[in-house]
Amino acid sequence: DAETRRAWLKQAVAGPVVSPVAKLFTLQKQGDVPAIMAEQRRLLDQWSFLPDKGRETVLVSILRWFPQAGRAEEGIILVLDCGTTLSPRVATKLLSVAASSLTPESIAALVPQLRDRPEFEGPQIARLERMARLAPRRASA
């Protein structure tokens, strides 16, 4: 995966863009969070033109960079609203971001949305629900 990214970047610099997400890779390498988020939104606007692998890359990128900007909940909503069934990799990443970045109240609000999605299994949702219930007790201990 990393080797493929490097090859795309080298070709993008040398000539025509090889991938619709090549600019995203370049921005991620630079670490420019506002520019990365703007590019992610641009790619979401062109969603129907992206190949499946490019779509997964964009979704994983959103789940990585939105939490770094303190906007994890917004990123999760963007991913859920993309109109595509999430791959197991993206679904797992979404659950991880929710568990590590959201407040118990936000997790509780997210759970009903996850129940309506085929990508998420009952045990995964139950784990998030437990986190939402247990978090206030851990904070007061």
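Residues numbered from 1 in each chain as written. Predicted model: local features only at pLDDT ≥ 70, side-chain atom pairs only at ≥ 80, totals over all residues. Heavy atoms only, no water.

1. Here we look at the overall build of the chain
Part 1: Helix and strand content of the chain: eight helices and zero strands.
Part 2: Along the chain, helices (α) and strands (β) appear in the sequence α-α-α-α-α-α-α-α when read from the amino end.
Part 3: Carbon and sulfur atoms make up 55% of the accessible area of the chain, which amounts to about 8000 Å² in all. (Helix = DSSP H or I, 4+ residues; strand = E, 2+ residues; numbered from the N terminus. Areas by Shrake-Rupley, 256 points an atom, 1.4 Å probe, with all protein chains shown as cover.)

2. Side note on the packing of helix 4 (residues 52-68) against helix 6 (residues 88-101)
Part 1: With their axes 10 Å apart at the nearest point, helix 4 and helix 6 run at an angle of 10° to one another. Here helix 4 is positioned roughly parallel relative to helix 6, judged by the angle of their axes. Here Lys 53, Glu 56, Leu 59, Val 60, Leu 63, Arg 64 and Pro 67 of helix 4 come into contact with helix 6, specifically with Arg 89, Val 90, Lys 93, Leu 94, Val 97 and Ser 101.
Part 2: A per-class count over the contact of helix 4 with helix 6 returns seven nonpolar, one polar and five charged. (Axes fitted to C-alpha atoms, helices over the stretch in contact; angles between N-to-C directions. Parallel < 35°, antiparallel > 145°, perpendicular 65-115°, else oblique. Contact = heavy atoms within 4.5 Å. Nonpolar A, V, L, I, M, F, W, Y, C, P; charged D, E, K, R; others polar.)

3. Here we look at helix 2 (residues 22-30)
Part 1: Every buried residue belonging to helix 2 is among Ala 22, Leu 24, Phe 25, Leu 27 and Gln 28, and all of these are buried.
Part 2: Residue Gly 31 follows helix 2 closely and has a positive phi angle near 75°. (Buried < 20%, exposed > 50% of the residue type's maximum accessible area, 1.4 Å probe, protein only.)

4. Some details on helix 6
Part 1: The terminal C-alpha atoms of helix 6 lie 20 Å apart, and with 14 residues this matches the ideal 20 Å at 1.5 Å per residue to within 8%.
Part 2: For helix 6, the complete set of buried residues consists of Val 90, Ala 91, Leu 94, Leu 95, Val 97 and Ala 98. Axial view of helix 6: buried residues confined to an arc of 160°, hence all on one face. The outward face of helix 6, more than 90 degrees from its buried face, is lined by the exposed residues Pro 88 and Ser 100. (Expected span 1.5 Å × (residues − 1). Arc of directions from axis to C-beta.)

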